[in-house]
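Architecture at a glance
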Amino acid sequence: MEVSCGLGLGYRYWERQLSASQIELYEWFSLRPKVGVAYSLSHELRLALDLEYQYGISPTMSESYYGLDFDLGAADIVKVSVPLTYRYSSVMDFFVTAVYEQQKIEASDVKSGFYEPDSTANNSYLKLGLLFKY
């Protein structure tokens, strides 16, 4: 069994087109602590669990219709990943990773009578891949 931890910095840029004339642009930097546990099921097969928290630093949202810029209350993401890796050779691995993310954005300040309300996004996806080691 192997336990790992880390800390990263990130940048999020999300363009959300609601209509042809209404586009919202969300941006922020983030601090990303992460912890993981991995277990070798056999010499070739490895299962892991990774937990990551993304703390948004100075999150903003700009909208195109009125040209307003909003300071968001917070923008945080919790990410859970479960990778399964198969070691094919000393230079190649195959992997499949199930990922769940929950993004929470807190309401913004008020500009010209408008504000961005609280929102939550739940994303689940599956990654398939091939790793080459050299």
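Below: a short report on this structure.

In this section: the pattern of salt bridges. Going through the model one piece at a time under the given rule, you end up with five salt bridges. The shortest N-O distance in the salt bridge between R16 and E24 comes to 3.3 Å. For R16, a relative accessible area of 32% puts it in the partly exposed group. Between R32 and E52 there is a salt bridge whose closest N-O contact spans 3.9 Å. One end of the pair, R32, is in strand 2 (residues 23-40); the other, E52, is in strand 3 (residues 45-63), and 20 residues separate them in sequence.

Attention shifts here to the side chain of D50. Among the secondary structure elements, D50 is positioned in strand 3. No salt bridge forms around the buried D50; measuring N to O, its nearest opposite-charge neighbour K34 is 4.4 Å away. With near-sequence residues (within four places) excluded, D50 lies in contact with K34, V35, G36, V37, K79, V80, S81 and P83.

A word on the packing of aromatic side chains. One pass over the structure, following the stated rule, counts five aromatic pairs. An angle of 25 degrees between the planes, with centres 4.7 Å apart, marks the rings of W14 and Y26 as stacked. Linking W14 in strand 1 (residues 2-17) with Y26 in strand 2, this pair joins segments that are twelve residues apart in sequence. We classify W14 as partly exposed; its relative accessible area is 31%. Owing to a relative accessible area of 1%, Y26 belongs among the buried residues under this scheme.

One finds Y26, W28, M61, L68, F70, L72, A75 and I105 forming the largest nonpolar core, which totals eight residues. Among the secondary structure elements, those contributing two or more residues to this core are strand 2 and strand 4 (69-87). Of all the elements, strand 4 adds the most residues to this core, at three residues.

Turning to unusual backbone geometry, a few remarks are in order. At S58, a residue that is not glycine, the phi angle is positive and equals roughly 50 degrees. Along the chain, the position of S58 falls in strand 3. A residue is classified by how much of its surface remains accessible, and S58, at 60% relative accessible area, is exposed. In this structure, S112 takes a positive phi of about 55 degrees despite not being glycine. Along the chain, S112 turns up in the loop between strand 5 (92-108) and strand 6 (119-132). Given the relative accessible area of 64%, S112 is considered exposed.

By volume, the largest pocket amounts to about 330 Å³. Contributing to the lining of the largest pocket are 19 residues, with K34, A48, D50, S81 and P83 lying nearest its centre. Elements with a contribution of two residues or more to the lining of the largest pocket: strand 1, strand 2, strand 3 and strand 4. With six residues, strand 3 is the largest single contributor of residues to the lining of the largest pocket. Among the residues forming the lining of the largest pocket, the class breakdown is seven nonpolar, five polar and seven charged. Estimates place the volume of the second largest pocket at around 160 Å³. The wall of the second largest pocket is formed by Q22, E24, M61, E63, Y65, Y66, L68, F70, F114, Y115, E116 and P117. Residues of the lining of the second largest pocket, tallied by class, amount to eight nonpolar, one polar and three charged.

Basis of the calculations
Residues numbered from 1 in each chain as written. Predicted model: local features only at pLDDT ≥ 70, side-chain atom pairs only at ≥ 80, totals over all residues. Heavy atoms only, no water. Salt bridge = Lys/Arg side-chain N within 4 Å of Asp/Glu carboxyl O. Buried < 20%, exposed > 50% of the residue type's maximum accessible area, 1.4 Å probe, protein only. Helix = DSSP H or I, 4+ residues; strand = E, 2+ residues; numbered from the N terminus. Lys, Arg positive; Asp, Glu negative; His and termini not counted. Contact = heavy atoms within 4.5 Å. Phe/Tyr/Trp six-rings, centres within 6.5 Å; stacked < 30°, edge-to-face > 60°. Core = buried A, V, L, I, M, F, W, Y, C linked by side-chain atoms within 4.5 Å. 1 Å grid on protein atoms, 1.4 Å probe; cavity = no way out; pocket = protein on both sides within 12 Å on 5 of 7 lines; lining within 4 Å. Points joined across faces, edges and corners; volume = space filled by probe spheres on them. Nonpolar A, V, L, I, M, F, W, Y, C, P; charged D, E, K, R; others polar.

From the geometry alone we can't say anything about function, so treat these as descriptive.
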